[in-house]
Amino acid sequence: MKKEGFLKLILAILVTVLLCIVSVGGIYVKDKNIMKNVLPKYNLGMDLDTSTIIKLEVNKNENSSSEDVQEEVADENPEQGTEENGQAENKYTADNYKKAKNVLEKRIKQFGINQYTIRLDEQTGDIVLEIPNDTDTSKLQNAFIVGKTEIVIPETNEVIGDANSFAKIEASIDNSYESYGIGSVVKLDVTFNKETVKKFKELKDSYVIPTDEEGNSKENSMQILIDGVSICNMYESEFLNAAVKGSMPLQMGSYSNDQKELEEALEEAKSIKNIIDNGELPLTYTIEYSNDIHSNITGIGISIVFAIILGAMLIYFAVKHKVLGLVGELCVLGLGAVLLLVLRYTNVEISVASLVSIGAILILQFIYMNQLLSNEKLNSKVFAEKTIQFTKMLIPVFLISIIIAFANITEISGFGMIIFWGLILFELFNNILTRAIITNVKNK
């Protein structure tokens with residue numbers, strides 16, 4: 001072997017070994033008296049990382065106060081009481097269970113939580129929600145409320161509208177008076193549908209400000225309630241004058257120059273929008289939080305499987321190719337190490353399904369290395385011919401991986417993305433490092 005070839009061989013082996021060490025161990029630097037790994041963390045899926053389990057159990061215990069109210073209504077209006085009692089008896093149905101799951105899932109997505117699993121027990125109606133352990137669960141506090149939305153006149157107990165009365169809702173920070181030193185305020189811009197606007201116009205045309213026993217004017221109020229909590233409280237005439245125009249701004253909180261306070265108010269306004277947009281839950285739930293421990297077991301199991309696969313490859317290479325088998329195994333591990341490094345920086349989610357694609361890339365590299373090592377003599381020309389021949393067979397797989405990776409389907413996009421990066425790295429790694437190692441070893 002020429003001196004130049006020997007140096008290339010040693011350098012390529014050292015680089016490959018270094019990549020393996022860095023990929024597994026990381027790069028540590030001193031940061032405030034502690035050693036910190038500067039490599040990005042893997043974006044582990046819930047089936048590999050620890051997760052939070054939220055169990056929503058259907059609350060089938062009617063409290064005494066609600067029973068008393070129903071009895072009073074039944075006494076005053078027997079037909080209405082029977083109807084309400086019938087609804088109470090029949091609300092624990094499979095249709096309502098499914099509706100509740102769908103409403104919850106829509107709310108969760110609008111709260112910006114994209115990584116989750118949700119399971120429904122159609123027999124009991126109980127729902128199990130699993131989210132990553134680092135998810136800010138404070139975002140979910142409003143996701144589990146019933147969310148009954150009403151537009152009411154509290155003085156007369158008249159219900160004017162519900163969640164279906166709204167055509168559009170937008171939450172934003174209004175900076176109109178910031179230059180005057182007053183600060184900014186969060187607003188909820190609500191747009192009513194045509195039927196509701198028509199009803200408001202009829203109310204406005206017939207509205208007469210009521211008077212008390214002494215003849216003094218006593219203006220009614222109008223409120224927008226969510227589960228009985230007011231998010232808007234205005235005089236009826238003021239509300240109707242604004243609402244008949246089709247839309248109106250609702251001020252959420254007070255003016256402030258504190259950006260953090262405004263951001264919190266904006267999140268609350270978005271939460272209200274989310275609840276109204278997606279409708280109310282047909283049932284109430286009791287909530288129980290717990291941590292999932294199966295992830296650690298899964299991770300250990302997968303590590304053992306990978307160790308067995310890599311060990312089997314090493315034994316095969318050693319038996320068939322003797323000392324050269326160590327070179328083949330090094331090239332398999334090297335490609336795996338580079339792929340893992342790329343996954344750190346591209347933030348591709350690694351789940352159990354994604355690990356299947358990593359295994360597929362390693363097996364592909366194993367087959368490729370076995371074909372190379374099976375040749376008696378392998379120079380650069382033969383290496384190029386073999387590599388091109390092998391690459392042509394992978395083009396359809398590469399094109400399919402692109403479609404899967406960018407299909408925006410969470411369940412399979414990670415799988416496709418890893419195949420996509422794996423095939424690109426397969427070409428780069430083998431045409432640089434594997435070429436330098438194999439062609440020089442085989443022609444020693």
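Right above here is the structure, for reference.
All of these numbers come straight from a predicted model, not from anything done at the bench.

Q: Help me understand the overall build of the chain in this model?
A: From N to C terminus, the chain includes 12 helices and 15 strands. Here the chain, with 444 residues, has 41% of them falling under the buried criterion. Considering only intrachain contacts with a sequence separation of at least 6, the fraction spanning at least 24 residues in the chain is 72%. When the accessible area of the chain is evaluated, it comes to approximately 25200 Å², of which 56% is carbon and sulfur surface.

Q: Help me out: how do you make sense of the pairing of strand β10 (residues 184–192) in this one?
A: Judged by how many residues are buried, β10 sits mostly within the fold: seven of nine residues are covered. Where strand β9 (residues 166–174) and β10 come together, eight bridges link them in antiparallel fashion. Among the inter-strand pairings, Glu-170 is bridged to a residue of β10, identified as Asp-189. Pairing analysis gives seven bridges linking β10 to strand β13 (residues 247–256), with the strands arranged antiparallel. The partner of Val-190 across the bridge, within β13, is Met-248.

Q: So what exactly am I meant to see when it comes to the side chain of Asn-220 here?
A: Within the secondary structure layout, Asn-220 lies in the loop between α5 (194–206) and β11 (221–226). Other than its neighbours up to four places away in sequence, Asn-220 contacts Ile-153, Glu-155, Thr-156, Tyr-207, Pro-210, Met-234, Tyr-235 and Glu-236.

Q: Would you explain the sheet that holds β10 in this entry?
A: Strands pair in a sheet through their backbones, by hydrogen bonds, and they do so in one of two ways: parallel or antiparallel. The strand order across the open sheet formed by three strands is β9-β10-β13, and the pairing between neighbours is antiparallel. Both outer strands of the open sheet, β9 and β13, are each paired with one neighbouring strand and no more. Going from strand to strand, the sheet's axes swing by 15° on average, the running direction of each strand aside. In this fold helix α7 (residues 259–278) packs onto β9, β10 and β13, with an angle of close to 175° to the strand it touches most, β9.

Q: Explain unusual backbone geometry here, please?
A: Excluding glycine, most residues fall at negative phi; most peptide bonds, likewise, are trans. At Asn-157, a position not held by glycine, the phi torsion is positive, near 60°. On the secondary structure map, Asn-157 appears in the loop between β7 (149–153) and β8 (158–162).

Q: I would appreciate a short explanation of the packing of helix α4 (residues 94–110) against α7 in the present structure.
A: In a pair of packed helices, the angle between the axes and the distance between the axes together describe the arrangement. One can describe the packing of α4 onto α7 by two numbers: an axis separation of 10 Å at closest approach and a directional angle of 150°. The angle between α4 and α7 falls in the class roughly antiparallel. Two packed elements cross with a definite hand, and for α4 against α7 that hand is right-handed. Between α4 and α7, the residues in contact are Val-103, Lys-106, Arg-107 and Gln-110 and Asn-274, Ile-275, Asp-277 and Asn-278, respectively. Looking at the contact of α4 with α7 residue by residue, the classes come out as two nonpolar, three polar and three charged.

Q: Just checking my understanding: could you explain helix α11 (residues 380–405) for this structure?
A: Because an α-helix packs 3.6 residues into every turn, residues spaced three or four apart end up facing the same way. A bend of about 40° at Leu-394 is the largest found in α11, and the proline Pro-396 appears one to four places after it. Taken together, the buried positions of α11 are occupied by Phe-383, Thr-387, Phe-390, Leu-394, Ser-401 and Ala-405.

What counts and how
- Within each chain, residues carry numbers counting from 1 in the order of the written sequence.
- Local features are withheld for residues below a pLDDT of 70 in this predicted model, meaning they are given only at 70 or higher, and side-chain atom pairs are given and counted only at 80 or more; totals for whole chains, interfaces and linings count all residues.
- Note that water and hydrogens are dropped before the side-chain values are worked out from all heavy atoms of the structure.
- The secondary structure listing takes helices from DSSP runs of H or I that are at least 4 residues long and strands from runs of E that are at least 2 residues long, numbered from the N terminus.
- Exposure categories follow from relative accessible area, calculated using a 1.4 Å probe and restricted to protein chains: below 20% of the type maximum is buried, above 50% is exposed, and the middle band is partly exposed.
- Contacts are residue-level and defined by heavy atoms, with any inter-residue pair within 4.5 Å sufficient.
- With residues, only the protein chains shown are counted as cover, and all accessible areas are computed by Shrake-Rupley using a 1.4 Å probe.
- Any two strands between which DSSP finds at least two bridges are classified as paired.
- Interaxial angle, 0 to 180 degrees, is taken between N-to-C directions of lines fitted to C-alpha atoms, where a helix line uses only the stretch in contact.
- Roughly parallel here means an angle under 35 degrees, roughly antiparallel means over 145, roughly perpendicular means 65 to 115, and every remaining angle is called oblique.
- Should the near helix be turned anticlockwise from the far one by less than a right angle, the crossing is left-handed, and should it be turned clockwise, the crossing is right-handed.
- As a working rule, the residues Ala, Val, Leu, Ile, Met, Phe, Trp, Tyr, Cys and Pro are called nonpolar, Asp, Glu, Lys and Arg charged, and the rest polar, with Gly in that last group.
- Note on bend: at a given residue it equals the angle between the axes fitted to the 7 residues ending there and to the 7 starting there.

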